[in-house]
Amino acid sequence: MKKVHRILGICLLAATVNTAYACELTPKKSKIEPIIAQATIPHEKEKADNNTVKIALLLDTSNSMDGLINQAKSQLWDIVNKFTHAKCGNDSRPQLQIALYQYGNDNLSSKEGYIQQVLDFSNDLDEISEKLFSLTTNGGEEYCGQVIQTSLKQLDWGKNPDNLKMIFIAGNEPFTQGKLNYKDAVTNATEKDVVVNTIFCGNYEQGINGDWKKGATLTGGEYMAIDHNKRIVHIDTPYDDIIIKLNGKLNKTYISYGSLGASKMAMQAEQDANAEALEETVIVKRAVSKSSRMYKNSSWDLVDAMDDKDFDVSEIKKEQLPAELQGKSTSEIERYIETKKRERADIQKEIQELNSKREVYIAENQKENAKGELENAMLEAIKKQAEKKNYKWD
């Protein structure tokens, strides 16, 4: 198998799943809004203030950051898979949303400080992947304080003190650049209970001299320095090819509906192709994410939509169903959906079982320090800060 840029944890990620609660000792009741029997925008606002982990990733996309972007593309699925095993103090499973910003790119507006919100807080893993693959690099001015301040102002972070809210900012220029003093930005972050973690792409001491460490510690965050161009050798396992084949079967269990159904199904296939083109290991990790609770598509997939008790398949217009279902009765459609649901559950279970064996194989064959240094640092930072909010890990 090929080598791959691995690292930048996008922590991501990803995903408002069903109706779990965040890490509060006592769950709060929330009103469940009925799902309209039509596809809607997938990264809709959370239904309650108490059920999400919110993470914003701020990426420097200036000329020297191609390695960083590639690491982000491959690392997304590791972070998603890590959060699959997160558990709150009340034993419920936390939800996850991620936002994405780029900064320091000459193609962006100078009036906006060469800063762009690429994605608002989203629960759609395919959309997050798509936005990462859309990023390109070009030289520019990198204003860390301003991009932090912009993300704090534009994003809805909520006011629940039990929620876990984190920023990860990565770049390679001094943290002090720009008219806005970064200390004002991180003070604002503290007031919003948002932890800022900084990732300097370069020498550890150089990052400290550029105030990257201060930018993190002022909010109780972690400072990390990485070699963003480092190439990591991944380990082939006897289970990879089987998981990839099962991923193809998994895709066939999706039943698109609504105005966005066809395009979202196409996006799913496109992001599979992007992952596989980047590195075979990445499509394996993506398949594992797709077999977990984190990958939910109720806004366009009938199998996931039927898990909501307020969803009524009979309300869907016939023309918004796939061709093979348009001539069927409601009962026939429901039986078809149930069949696909059972198929999906079986495939997902098999992928998870194979991945457990895959992880054991990797652990037994991986050389010391062979993992991506940012991967280790990011996951360590997430775990440390999550435990302060009463999170545990299986």
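Quick notes on the rules
Along each chain, numbering runs from 1 in the same order as the chain's sequence is written. Totals for whole chains, interfaces and linings use every residue, but because this is a predicted model, local features are given only for residues with pLDDT of at least 70 and side-chain atom pairs only at 80 or more, for both listing and counting. Hydrogens are left out, water is left out, and the side-chain values use all remaining heavy atoms of the structure. Think of a nonpolar core as a cluster: buried Ala, Val, Leu, Ile, Met, Phe, Trp, Tyr and Cys residues, connected wherever their side-chain atoms sit within 4.5 Å. The cut-offs for exposure are 20% and 50% of the maximum accessible area for each residue type, with area from a 1.4 Å probe on protein chains only; residues under the lower value are buried, those over the upper are exposed, and the others partly exposed. Helix and strand definitions here come from DSSP, where helices need a minimum of 4 consecutive H or I residues and strands a minimum of 2 consecutive E residues; each element is numbered from the N-terminal end. We define a salt bridge as a side-chain nitrogen of Lys or Arg found within 4 Å of a carboxyl oxygen belonging to Asp or Glu. Two rings belonging to Phe, Tyr or Trp (six-membered ring only in the last case) form a pair when the distance between their centres is within 6.5 Å. Interplanar angles under 30 degrees mark stacking, angles over 60 mark edge-to-face geometry, and anything in between is tilted. Geometrically, a charge over a ring is one whose NZ (Lys) or CZ (Arg) sits within 6 Å of the ring centre while staying within 35 degrees of the ring normal. By this rule, a helix spans an expected 1.5 Å times one less than how many residues it contains. By definition, the arc is the one covered by directions from the helix axis to the C-beta atoms. In what follows, a contact means two residues having at least one pair of non-hydrogen atoms within 4.5 Å. All axes here are fitted lines through C-alpha atoms, helices being fitted over the stretch that makes contact, and every angle between N-to-C directions spans 0 to 180 degrees. Roughly parallel here means an angle under 35 degrees, roughly antiparallel means over 145, roughly perpendicular means 65 to 115, and every remaining angle is called oblique. A clockwise turn of the near helix away from the far one marks a right-handed crossing, whereas an anticlockwise turn of less than a right angle marks a left-handed crossing. Here the nonpolar group is Ala, Val, Leu, Ile, Met, Phe, Trp, Tyr, Cys and Pro; Asp, Glu, Lys and Arg are the charged ones; every other residue, Gly included, is treated as polar. We call two N or O atoms a polar contact when they sit within 3.5 Å, provided that within protein one can donate a hydrogen and the other can accept it, with sequence-adjacent residues counted only if both atoms are side-chain atoms. The pLDDT value tells you how sure the predictor is about a given residue, anywhere from 0 up to 100.

> Help me understand the nonpolar core in this model?
Side chains that are nonpolar tend, in soluble globular proteins, to be buried together. Formed by 57 residues in total, the largest nonpolar core has its most connected members in L59, F83, L100, L132 and F168. Counting residues per element, this core draws most heavily on helix α1 (residues 66-83), at eight residues.

> Looking at this structure, I do not really get the pattern of salt bridges. What am I missing?
A pair can form between side chains of opposite charge whenever their charged atoms are brought close. Overall, the coordinates contain 13 salt bridges when judged by the stated rule. The shortest N-O distance in the salt bridge between R286 and D126 comes to 2.8 Å. Taken together, the residues span a long stretch of sequence, with R286 in helix α9 (residues 280-290) and D126 in helix α2 (residues 125-134) at a distance of 160 residues. Classification of D126 by relative accessible area gives buried; the value is 1%. In this structure, R286 engages D272 in a salt bridge whose closest nitrogen and oxygen atoms are separated by 2.5 Å. Residue R286 is located in helix α9, and its partner D272 is located in helix α8 (residues 261-278); the two are separated by 14 residues in the primary sequence. Here the two residues R286 and D272 agree in accessibility, since each one is buried.

> Got a minute to help me understand unusual backbone geometry in this structure?
Glycine aside, residues mostly have negative phi, and peptide bonds are mostly found in the trans state. Despite not being glycine, D193 shows a phi value in the positive range, around 60°. With a phi angle near 80°, N390 is a residue other than glycine that sits in the positive phi range. Mapping N390 onto the fold places it in the loop between α12 (373-388) and β10 (392-393). Judged by relative accessible area, which is 23%, N390 ranks as partly exposed.

> Which parts of the structure should I look at to understand the packing of aromatic side chains?
Geometrically, a pair of aromatic rings is defined through the distance of the ring centres and the angle of the planes. Tallied over the entire structure, the rule returns 10 aromatic pairs. Aromatic pair Y204 and Y223: ring centres 4.9 Å apart, planes at 50°, arrangement tilted. Residue Y204 is found in helix α5 (residues 204-209), and its partner Y223 is found in strand β8 (residues 223-226); the two are separated by 19 residues along the sequence. Following the ring pairs from residue to residue traces out a cluster consisting of F175, Y182, F200 and W212. If you follow K82 out to its NZ or CZ, it ends over the ring of W393, 5.0 Å from the centre. One cation-aromatic arrangement involves R344 over Y254; the distance from NZ or CZ to the ring centre is 3.7 Å.

> Just checking my understanding: could you explain the environment of L164 for this structure?
As for its placement among the helices and strands, L164 is situated in the loop between α3 (144-154) and β6 (165-171). According to the relative accessible area criterion, L164 is buried, its value standing at 2%.

> Would you mind showing me how to read helix α7 (residues 240-251) here?
Three- or four-residue spacings in an α-helix give side chains the same orientation, since the helix completes a turn every 3.6 residues. Between its first and last C-alpha atoms α7 spans 17 Å; for 12 residues at 1.5 Å apiece the expected length is 16 Å, and the two agree. Residues of α7 that are buried: D240, I243, I244, L246, N247, L250 and N251. The buried residues of α7 occupy an angular sector of 165° when projected down its axis, which confines them to one face. In α7, the exposed residues that point more than 90 degrees away from the buried face are K245 and K249. The inward-facing, buried residues of α7 contact α8, α9 and α11 (330-365).

> Would you mind going over the environment of N163 with me for this structure?
With respect to the helices, strands and loops of the structure, N163 is situated in the loop between α3 and β6. N163 sits in the buried class, given a relative accessible area of 1%.

> Explain the environment of I255 to me, please; I cannot follow it from the model alone.
Among the secondary structure elements, I255 is positioned in the loop between α7 and α8. Since its relative accessible area comes to 3%, I255 is described here as buried. Each C-alpha atom, one on I255 and one on L321, is 8.4 Å from the other, the two residues being 66 residues apart in sequence. When residues no more than four places from it in sequence are discounted, the contact partners of I255 are M265, W300, D301, L302, V303, P322, L325, Y336, I337 and K340.

> How should the packing of α7 against α11 be read in this particular structure?
Each pair of packed helices can be summarised by the angle the axes make with each other and by the distance between the axes. Between α7 and α11, whose axes approach to 10 Å, the crossing angle comes to 160°. By the angle class used here, α7 and α11 are roughly antiparallel. As α7 packs across α11, the resulting crossing turns out to be left-handed. Side by side, α7 and α11 meet where D240, I242, I243, L246, N247, K249 and L250 of the first sit next to R344, I347, Q348, E350, I351, L354, N355 and R358 of the second. Across the contact of α7 with α11, the residue classes break down as seven nonpolar, three polar and five charged.

> Mind showing me how you'd approach the side chain of K290 here?
Its location among the elements puts K290 in helix α9. Among the residues examined, K290 registers a relative accessible area of 0% and is labelled buried. Within polar-contact distance, the side chain of K290 engages the side chain of N247 at 2.9 Å. If we ignore the near neighbours within four places in the chain, the residues touching K290 are N247, L250, N251, Y254, Q268, D272, Y295 and Q348.

> Looking at this structure, how should I read the confidence of the model for the protein chain?
Parts of the prediction with low pLDDT should not have their coordinates interpreted in detail. Residue-level pLDDT values for the protein chain average 85, and 84% of them are 70 or greater. The low-confidence segment residues 1-22, where pLDDT is below 50, has 136 contacts with residues more than four positions distant or belonging to other chains. In the predicted structure, residues 25-49 sits below a pLDDT of 50 and forms 61 contacts with residues beyond four places in sequence or in another chain.

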